[in-house]
Amino acid sequence: MESFEIQLLEDRFLIEPQDNGLYRIMDGENKIGTIFAEADGDQVKWNTQDELEDGFVQQIGELITEHNM
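Residue numbers restart at each chain and count upward from 1, following the sequence in its written direction. Residue-level local features of this predicted model are given only where pLDDT is at least 70; pairs of side-chain atoms are given and counted only at 80 or more, and the full residue set underlies all totals for whole chains, interfaces and linings. Water and hydrogen atoms were dropped before computing side-chain values, which therefore reflect all heavy atoms in the structure.

Draft legend 1. Broad picture of the nonpolar core. Residues belong to a common nonpolar core when they are buried Ala, Val, Leu, Ile, Met, Phe, Trp, Tyr or Cys residues joined through side-chain atoms within 4.5 Å. Exposure classes here rest on a 1.4 Å probe applied to the protein chains alone. A residue is buried below 20% of its type maximum, exposed above 50%, and partly exposed in between. Counting residues in hydrophobic clusters, the biggest one holds 14 residues, and the most contacted among them are Phe13, Ile15, Ile25, Ile35, Phe56, Ile60 and Ile64. A per-element tally of this core places helix α1 (residues 54-68) first, with four residues. In this view, Ile35 contacts Gly21, Leu22, Tyr23, Ile25, Trp46, Asn47, Thr48, Leu52, Val57, Ile60, Gly61 and Ile64; residues no more than four positions away in its chain are not counted. Numbering goes from the N terminus for both helices and strands, where a helix is a DSSP run of H or I of at least four residues and a strand is a run of E of at least two. Note on contacts: a residue pair qualifies if any of its non-hydrogen atoms lie within 4.5 Å across the two residues.

Right under this line is the structure:
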């Protein structure tokens, strides 16, 4: 899977998809965290085990979903 960039407001992030369904979020050379999608009924909820704000995780996850469509 190839890496791709997304833009959230003024910030651009590099997304590195992993083979195990995780997405590594990079800001330049710095890893911000890793997120993953989970089914929540008929919806998808994005989660992380890192110390990231829930709203940020959801927004990045939605942008990843849009990119993958």
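Draft legend 2. Examining the pattern of salt bridges more closely. Whenever a carboxyl oxygen of Asp or Glu lies within 4 Å of a side-chain nitrogen of Lys or Arg, that contact is scored as a salt bridge. This model, assessed by the stated rule, comprises two salt bridges. Across the pair Arg12 and Glu5 runs a salt bridge whose closest N-O atoms are separated by 2.9 Å. Judged by its relative accessible area of 45%, Arg12 is partly exposed. You can call Glu5 partly exposed: its relative accessible area is 48%.

Draft legend 3. Highlighting the environment of Glu62. Along the chain, Glu62 falls in helix α1. A relative accessible area of 47% places Glu62 in the partly exposed class. As for Glu62 and Trp46, which are separated by 16 residues in sequence, their C-alpha atoms are 8.2 Å apart.

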